[in-house]
Number of protein chains: 2
Amino acid sequence: MNPVTQERRHYEDLAIGDVIDIGTTTVSKEMIISFAREFDPFPFHLDADASKASLLGGLAASGWQTAALSLRMLGDTFLNTIASMGGLGFSDLKWKKPVMVGDTISGTATIAELRRSRSHPERGIVTLDLDIRNQRGEPVMSMRLANLIEARDSGAIPAS
Amino acid sequence: MNPVTQERRHYEDLAIGDVIDIGTTTVSKEMIISFAREFDPFPFHLDADASKASLLGGLAASGWQTAALSLRMLGDTFLNTIASMGGLGFSDLKWKKPVMVGDTISGTATIAELRRSRSHPERGIVTLDLDIRNQRGEPVMSMRLANLIEARDSGAIPAS
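In this text the structure is predicted, and so the values were computed from the model without any measurement.

The rules we used
- Residues numbered from 1 in each chain as written.
- Chains lettered and ligands numbered in written order.
- Predicted model: local features only at pLDDT ≥ 70, side-chain atom pairs only at ≥ 80, totals over all residues.
- Heavy atoms only, no water.
- Helix = DSSP H or I, 4+ residues; strand = E, 2+ residues; numbered from the N terminus.
- Buried < 20%, exposed > 50% of the residue type's maximum accessible area, 1.4 Å probe, protein only.
- Contact = heavy atoms within 4.5 Å.
- Lys, Arg positive; Asp, Glu negative; His and termini not counted.
- Charge placed at Lys NZ, Arg CZ, Asp CG, Glu CD.
- Pairing = 2+ DSSP bridges.
- Axes fitted to C-alpha atoms, helices over the stretch in contact; angles between N-to-C directions.
- Least-squares fit on C-alpha atoms with pLDDT ≥ 70 in both.
- Parallel < 35°, antiparallel > 145°, perpendicular 65-115°, else oblique.
- Nonpolar A, V, L, I, M, F, W, Y, C, P; charged D, E, K, R; others polar.
- Buried area = accessible area lost by both parts, 1.4 Å probe.
- Salt bridge = Lys/Arg side-chain N within 4 Å of Asp/Glu carboxyl O.
- Polar contact = N/O pair within 3.5 Å; in protein donor to acceptor, adjacent residues only side chain to side chain.

### Observations regarding the overall build of chain A
Move 1: Assigned secondary structure in chain A consists of four helices and five strands.
Move 2: Order of helices (α) and strands (β) in chain A, N terminus to C terminus: β-α-α-α-α-β-β-β-β.
Move 3: By principal-axis analysis of the C-alpha atoms, chain A measures approximately 70 × 30 × 25 Å.
Move 4: Relative to its 160 residues, chain A shows a buried fraction of 47%.
Move 5: Sequence separation of at least 24 residues holds for 72% of the intrachain contacts in chain A that already meet a minimum separation of 6.
Move 6: Mean positive and mean negative side-chain charge positions of chain A (17 and 20 charges, respectively) differ by 3 Å.

Here it is in structure tokens:
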């Protein structure tokens, strides 16, 4: 077993229905503009005046920034506490409301599925439903992620 | 019509099957480490030695960085040339191979669906299939995005 991760929770230590509180992050104007300059340079993420005329009605974070910040929160509170081997992908990401300057996002991750990898039974796949909300409790983003995790036992069927 | 966007392509100017070349980006060690520090601080995205022992086999970009870089490429070559009103979400993001230090990613976006918004027929929804590959032509990521776009005409049914 990997010495770096053996103290961490493994596949066998997780249960469907577990809910992880992933904490909070407050989104500043500087954060919004800096991320948008690098990845999503639209006027409504860069300029307070231009954003007022947009559908968003004011300076709003790139939805991709909300996703990246949520990933960081999930990493700090969960992925870095388990023997994670990396992400596989995600599905059904939905942006439900914009995240505006000064908003504080928080969220939960719920373990929706747990299964062994078919090709590598010493690995598990954990599926998480992420629910991100603003300080008024309104949903701003949801998505489902799949992550590879080490198992403690090999998952091999013993010879009889 | 919005004076900022009236010269840009609108809903009516797009066609299903259009393929957009979104260009190329080379991913440096500095880019990988800087993104990972902020959003995805796992040893296999931060440390060349630790990454050799991981499933990735060497220093690899966060999959979320591949997604964010692809978004930037799509913005520069397409989203900033149309009357885009913002993203709605995406589905079925899959990371297929790691993006390693020095890899050059390129990609195409294909218009998969075009429809009017039901609640706001003066807006359209364009669905894009993104196919990102490395310099050997191997797929590294795919996803489907939905974006809101202004229409030139209101979409209203004239009174008879």
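### Side note on the environment of threonine 108 of chain A
Residues and elements named next belong to chain A.
Move 1: With respect to the helices and strands, the residue threonine 108 is situated in strand 3 (residues 104–116).
Move 2: Residues threonine 108 and serine 142 lie 34 residues apart in sequence; the distance between their C-alpha atoms is 10.0 Å.
Move 3: Residues within four places of threonine 108 in sequence aside, it is in contact with Val19, Ile20, Ile22, Asp129, Leu130 and Asp131.

### Considerations on the sheet that holds strand 4 (residues 123–133) of chain A
Move 1: Read from one edge of the open sheet, 10 strands run 1(A)-3(A)-4(A)-5(A)-2(A)-2(B)-5(B)-4(B)-3(B)-1(B), paired in antiparallel fashion. What marks the edges here is a single partner per strand, and that holds for strand 1 (19–26) of chain A together with strand 1 (19–26) of chain B. Each strand axis lies, on average, 25° off the axis of its neighbour in the sheet, ignoring direction.
Move 2: In this structure, strand 3 (residues 104–116) of chain B lies alongside strand 4 (residues 123–133) of chain B, joined through 10 bridges in antiparallel fashion. Bridge pairing links glutamate 113 of chain B to threonine 127 of chain B in strand 4 of chain B.
Move 3: Sheet contacts for helix 4 (residues 63–77) of chain A: strand 1, strand 2 (84–95), strand 3, strand 4 and strand 5 (139–150) of chain A together with strand 2 (84–95) and strand 5 (139–150) of chain B; angle to strand 1 of chain A, the most-contacted strand, approximately 125°.

### Section: the relation of the copies chain A and chain B
Move 1: For these two chains of identical sequence, chain A goes onto chain B by a turn of 180° and a shift of 0.0 Å along the axis, with RMSD 0.0 Å. Taken together, the rotation and translation relating the two chain copies correspond to the operation of a two-fold axis. When C-alpha positions in chain A are compared against the rotation axis, the closest is assigned to serine 91 of chain A, at 2.3 Å.
Move 2: Looking at chain A, 97% of its interface residues are interface residues in chain B too, so the copies touch through the same face.

### Topic: the packing of helix 1 (residues 29–39) of chain B against helix 4 (residues 63–77) of chain B
Residues and elements named next belong to chain B.
Move 1: Packing of helix 1 against helix 4 leaves a shortest axis separation of 10 Å and a crossing angle of 110°. On the basis of the axis angle, helix 1 is roughly perpendicular to helix 4. Between helix 1 and helix 4, the contacting residues are Met31, Ile32 and Phe35 on the first element and Trp64, Gln65, Ala68 and Leu69 on the second.
Move 2: For the contact of helix 1 with helix 4, the class distribution of residues is six nonpolar, one polar and no charged.

### Let's talk about helix 1 (residues 29–39) of chain A
Move 1: Along helix 1 of chain A, the positions that sit buried rather than exposed are Ile32, Ile33, Phe35, Ala36 and Phe39 of chain A.
Move 2: Of the surrounding secondary structure, the elements contacted by the buried residues of helix 1 of chain A are helix 2 (43–46) and helix 4 of chain A together with helix 1 and helix 4 of chain B.

### Considerations on the interface of chain A and chain B
Move 1: Residue-level contacts link 34 residues of chain A with 33 residues of chain B.
Move 2: In this assembly, chain A packs against chain B so that about 3000 Å² is buried in total across both faces, 70% of it on carbon and sulfur atoms.
Move 3: Of all residues in chain A, Phe39, Trp64 and Phe90 of chain A bury the most surface against chain B, accounting for 25% of the area lost on that side.
Move 4: Counting every contact that joins chain A to chain B gives zero salt bridges.
Move 5: Put simply, chain A and chain B have eight residue pairs in polar contact (both at pLDDT 80 or more) between them.
Move 6: The set of elements that each furnish at least two residues to the side of chain A that touches chain B consists of helix 1, helix 4, strand 2 and strand 5 of chain A.
Move 7: With 12 residues, the top contributor of residues to the side of chain A that touches chain B is strand 2 of chain A.
Move 8: Across four bridges, strand 2 of chain A lies against strand 2 of chain B in antiparallel orientation.

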